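Observations on the model geometry
The primary structure of each chain is shown beneath.
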Amino acid sequence: MHLPIYEIRSLEHSYGGQPVLSIKHLTVKQAHIVGLIGPNGSGKSTLLRLLGLIERPTHGEIFFNGLRVEPFSDEARFLITLLPQEPFLMKRSVFSNVSYGLKLRGNGRDIVDKANRALSLVGLDSKDFARRPWYALSGGEAQRVALAARLALNPKVLLLDEPTASVDAASAQLIKEVTLRARRELGTTLIVASHDWQWLYEICDEILHLFKGRIFGRGRETIIFGPWQKLGTGIWGKILSDKQQLPVPPPPNQEAAAVIHVLSVSEDRSTIAGEGIVLSGTVSRLSLERKTSQLFATILVGDLPFKVGLDIQQGKEHTLFPGRTVFIRYRLDQIKWI
Amino acid sequence: MDFIFEGFFEAYKLLVSGNAETYSAILATVKVSSGSIACSLLLGIPLGFCLGYFDFSGKKTLRTIVDTLMALPTVFIGLLVYAFITRRGPLGNFGLLFTLPGIGIGQTILALPIVIGLSATAVESMDQKLRITIMSMGANRRQLFLTSLWECRHGILAGAIAAYGRVMTEVGISMMVGGNIKWHTRTITTAIALETNKGQFGMGVALGLVLLAIAFCVNLSVSFLRRRY
């Protein structure tokens, strides 16, 4: 059996005494794709920086291929690379940026070929771009150059922090394809933080939900954030933008987040099976989940996105398509608070 | 007004004819200021990098001290260096008084806080994402230091030019420590002061023009380097 590529034990990290991340135990398998989902400030970027050996955790240990590692560890620094959320290029030409990591590794002979190949992978013609200075690029081009600089290294682990957040649709598509290609052709382990759930559910072997620095789920949970208001005796909830009420049990505090698991979905309110709260919504996206070969649907209830998994047959029976009005069901006693 | 124009004419003659006294002062200035700026860059850039890059207790106090030292009066430095290298001083045995190396020590003290302070400012204003980028490419500590230094080269270069300008144009240290000895320690600035006192505007203007020309050449080279790199 293969060692996990990463193992985290009793990891805690804080900035200025303020705890931002706390993970008791986590393993990541070789060549897997792991998605990190969570709101801003949930600890996704911090976790990526720790895994990328950019920062040393306040407490706890990180093991890479079974060896304990920390920033500048020779066992790992040439094998792991992180692409931060905002593209950052050094004050030098595109070619120098892409070849920087190769030069650090002493890959003297075929640097030009490798850099040019990496540029073409991200859809940039080296003849046009290699000599350009760092300031003569658009945001999307800069992000692609930054990605090319990482891909040129043939990394064992590629950590991506919101790789498509600041680029246009075409660049986003290209970045998605290229990262998957790295995994397919090189067996690269990918750990991706993104708000694009749909994409993550499509590609990931495992999804980790983070909130306030903790991993609280590994599946298809929907998280609804406070503030909450009292809707009646013992019933709290929210009044949604379409005037529907979203009831929840009494929250531990006004700002708590509710984890809701949608039990079933139907196009007809009268045929929805089982007990619980039923709300109407609109299918906004449908995709195929890679790990389970299930359909993954995002259903907008008011303006809140609920995530639902369905098997393909169910999807056919319900003739789901984006824009279709459907009903979802959940149970109050199954709501968890975080 | 005539004597000013005559001064310019005289300056032209002195420079074109290769007047030995004039060129001796120019050579002394270039030698001593280049040596002292080289020493202050060698010491000041690593110290400035550490001051700007690392967080440690007392950093703010140290920064305030460095910023204050950037405005050190040259006559005060001259006085201190004089006291140390005079025959009765702790470094009297080295025979540095009234020599170019003596002036060099004083000018290094003058330039050092400027190089440290402006290098620290350049490093502090460096984008935090640079460190992440360099480390994520697999750099070790030494490579992180050198690449970070290279990335804030423009700011450090600006500090070096400011320091060079201050060193080249100071009078106090050269006069007190060097003694303004003709053919030996007379620099452009001390020569200008002396010749003006004697009413010899021609040589004063000539040396002033040379100072301007040197400053122009330095800035031209720096601006070329900035475009190139």
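Residues numbered from 1 in each chain as written. Chains lettered and ligands numbered in written order. Predicted model: local features only at pLDDT ≥ 70, side-chain atom pairs only at ≥ 80, totals over all residues.

Turning our attention to the overall build of chain A. Each helix and strand in chain A was counted, giving eight helices and 21 strands. Expected size for 338 residues packed as a compact globule is a radius of gyration near 20 Å; at 22 Å, chain A falls within 12% of this value. Dimensions along the principal axes, computed over C-alpha positions, put chain A at roughly 70 × 45 × 45 Å. By sequence separation, contacts in chain A at least 24 residues apart represent 67% of the contacts at least 6 residues apart. (Helix = DSSP H or I, 4+ residues; strand = E, 2+ residues; numbered from the N terminus. Rg over C-alpha atoms; globule rule 2.2 N^0.38 Å. Contact = placed C-beta atoms within 7 Å.)

This brings us to the overall build of chain B. If you tally the helices and strands in chain B, you get 11 helices and zero strands. Mapped in sequence order, the helices and strands of chain B form the string α-α-α-α-α-α-α-α-α-α-α. Expressed as lengths along the three principal axes of its C-alpha atoms, the size of chain B is roughly 65 × 45 × 30 Å. By sequence separation, contacts in chain B at least 24 residues apart represent 78% of the contacts at least 6 residues apart.

Per-residue confidence for chain B averages 91 on the pLDDT scale, and 100% of its residues sit at or above 70. Reported confidences for the modelled complex are a pTM of 0.77 and an ipTM of 0.79. (pLDDT = per-residue confidence, 0-100.)

Looking now at the environment of valine 205 of chain B. Residue and element names in this part refer to chain B. Relative to the helices and strands, valine 205 resides in helix H11 (residues 201–228). Along the backbone, valine 205 and proline 113 are 92 residues apart, and their C-alpha atoms lie at a distance of 31 Å. What valine 205 contacts, discounting residues up to four positions off in sequence, is Gly7, Phe8, Glu10 and Ala11.

On to the packing of helix H6 (residues 128–136) of chain B against helix H7 (residues 141–151) of chain B, then. Two quantities define a packed helix pair, namely the angle between the axes and the distance from one axis to the other. All names here are of chain B. Closest axis-to-axis distance for the H6/H7 pair is 10 Å, and the angle between their directions is 135°. Judged by the angle between their axes, H6 and H7 are oblique. H7 is crossed by H6, and the crossing has right-handed handedness. Contact with H6, carried on its side by Leu130, Ile134 and Met135, involves Leu144, Thr147, Ser148 and Glu151 of H7 and no other residues of that element. When the residues that make up the contact of H6 with H7 are grouped by side-chain class, the tally is four nonpolar, two polar and one charged. (Axes fitted to C-alpha atoms, helices over the stretch in contact; angles between N-to-C directions. Parallel < 35°, antiparallel > 145°, perpendicular 65-115°, else oblique. Left-handed = near helix turned anticlockwise from the far one by under 90°. Nonpolar A, V, L, I, M, F, W, Y, C, P; charged D, E, K, R; others polar.)

Here we come to the domain arrangement of chain A. All names here are of chain A. The domains assigned to chain A are domain 1 (6–217) and domain 2 (222–337). The centre of domain 1, based on its C-alpha atoms, is set 33 Å off from the matching centre of domain 2. If you look at the interface, domain 1 gives 11 residues, while domain 2 gives 13 residues. Mapped by element, the contributors of at least two residues to the side of domain 1 that touches domain 2 are helix H7 (197–203) and strand E10 (214–217). The element that contributes the greatest number of residues to the side of domain 1 that touches domain 2 is H7, accounting for five residues. Grouping the amino acids of the side of domain 1 that touches domain 2 by side-chain chemistry returns seven nonpolar, two polar and two charged. (Domains from an automatic or database assignment.)

Each side of the interface is counted separately: chain A has 18 residues, and chain B has 14 residues. Among the elements of the structure, strand E6 (80–83) and helix H2 (94–104) of chain A are those that each provide at least two residues to the side of chain A that touches chain B. The element best represented in the side of chain A that touches chain B is H2 of chain A, accounting for three residues. Tallied by class, the residues present in the side of chain A that touches chain B amount to 11 nonpolar, three polar and four charged.

Moving on to the sheet that holds strand E13 (residues 235–239) of chain A. All names here are of chain A. If you walk across this open sheet you meet the three strands as E12-E13-E14, and the pairing is antiparallel. Two strands in the sheet have a free side with no partner beyond their single neighbour: strand E12 (229–232) and strand E14 (245–248). Strand-to-strand twist in this sheet, taken as the mean axis angle between neighbours without regard to direction, amounts to 50°. As paired elements, E12 and E13 share three bridges and run antiparallel to each other. Note on E13: the bridge partner recorded for glycine 232 is isoleucine 235. (Pairing = 2+ DSSP bridges.)

All names here are of chain A. Of all hydrophobic cores here, the largest spans 95 residues; its most connected members are Val145, Ala148 and Ile328. Among the elements that line this core, the one with the most residues is helix H5 (residues 139–151), at seven residues. Taken domain by domain, the makeup of this core includes at least three residues from each of domain 1 (6–217) and domain 2 (222–337). Excluding anything up to four places from it in sequence, valine 145 contacts Leu89, Val94, Asn97, Val98, Leu124 and Leu137. (Core = buried A, V, L, I, M, F, W, Y, C linked by C-beta atoms within 7 Å. Buried ≥ 20, exposed ≤ 12 C-beta atoms within 10 Å, placed from the backbone.)

A word on unusual backbone geometry. All names here are of chain A. The step from glycine 226 to proline 227 runs through a cis peptide bond, and the omega angle for that step is 5°. With respect to the helices, strands and loops of the structure, proline 227 is situated in the loop between strand E11 (222–225) and E12. For alanine 31, which is not glycine, the phi dihedral falls at a positive 60°. Here alanine 31 shows up in the loop between strand E2 (18–28) and strand E3 (33–37). Here lysine 243, not a glycine, exhibits a phi torsion of approximately 75°, which is positive.

A few words now on the sheet that holds strand E16 (residues 264–266) of chain A. Residue and element names in this part refer to chain A. With antiparallel pairing, five strands are arranged side by side in an open sheet as E16-E20-E17-E18-E19. Unpaired on one side and paired on the other, E16 and strand E19 (304–310) mark the two borders of the sheet. Each strand axis lies, on average, 40° off the axis of its neighbour in the sheet, ignoring direction. The pairing of strand E17 (residues 277–288) with strand E20 (residues 325–330) spans six bridges and is classified as antiparallel. Within E20, the position partnered with leucine 279 by the bridge is isoleucine 328.

The terminal C-alpha atoms of helix H4 (residues 74–85) of chain B, which comprises 12 residues, lie 16 Å apart, in line with the 16 Å expected from a rise of 1.5 Å per residue. Summarising the contacts, the buried residues of H4 of chain B are in contact with helix H5 (100–124) and helix H9 (172–178) of chain B. (Expected span 1.5 Å × (residues − 1).)

The subject of this paragraph is the environment of threonine 196 of chain B. Residues and elements named next belong to chain B. Mapped onto the elements of the fold, threonine 196 is located in helix H10 (residues 188–198). C-beta crowding within 10 Å serves as the criterion here: with 16 such atoms nearby, threonine 196 is assigned to the partly exposed category. When neighbours within four sequence positions are excluded, threonine 196 is seen to be in contact with Phe201 and Gly204.

Residue and element names in this part refer to chain B. Direction vectors running N to C along H10 and H11 enclose 155°, while the axes themselves pass 8 Å from each other. The orientation of H10 relative to H11 falls into the category roughly antiparallel. Seen along the crossing, H10 lies across H11 with a hand that is left-handed. Contacts from Ile188, Ala191, Ile192, Glu195 and Thr196 of H10 reach H11 at Phe201, Met203, Gly204, Leu207, Gly208, Val210 and Leu211. Counted by class, the contact of H10 with H11 contains eight nonpolar, three polar and one charged residues.

Turning our eyes to something else, we now look at the pairing of E20 of chain A. All names here are of chain A. What you see with E20 is a clean split: Val326, Ile328 and Tyr330 sit on the buried side and Thr325, Phe327 and Arg329 on the side with no burial. Relative to E20, E16 runs antiparallel, the two sharing three bridges. Bridging from a neighbouring strand, serine 264 pairs with arginine 329 of E20.

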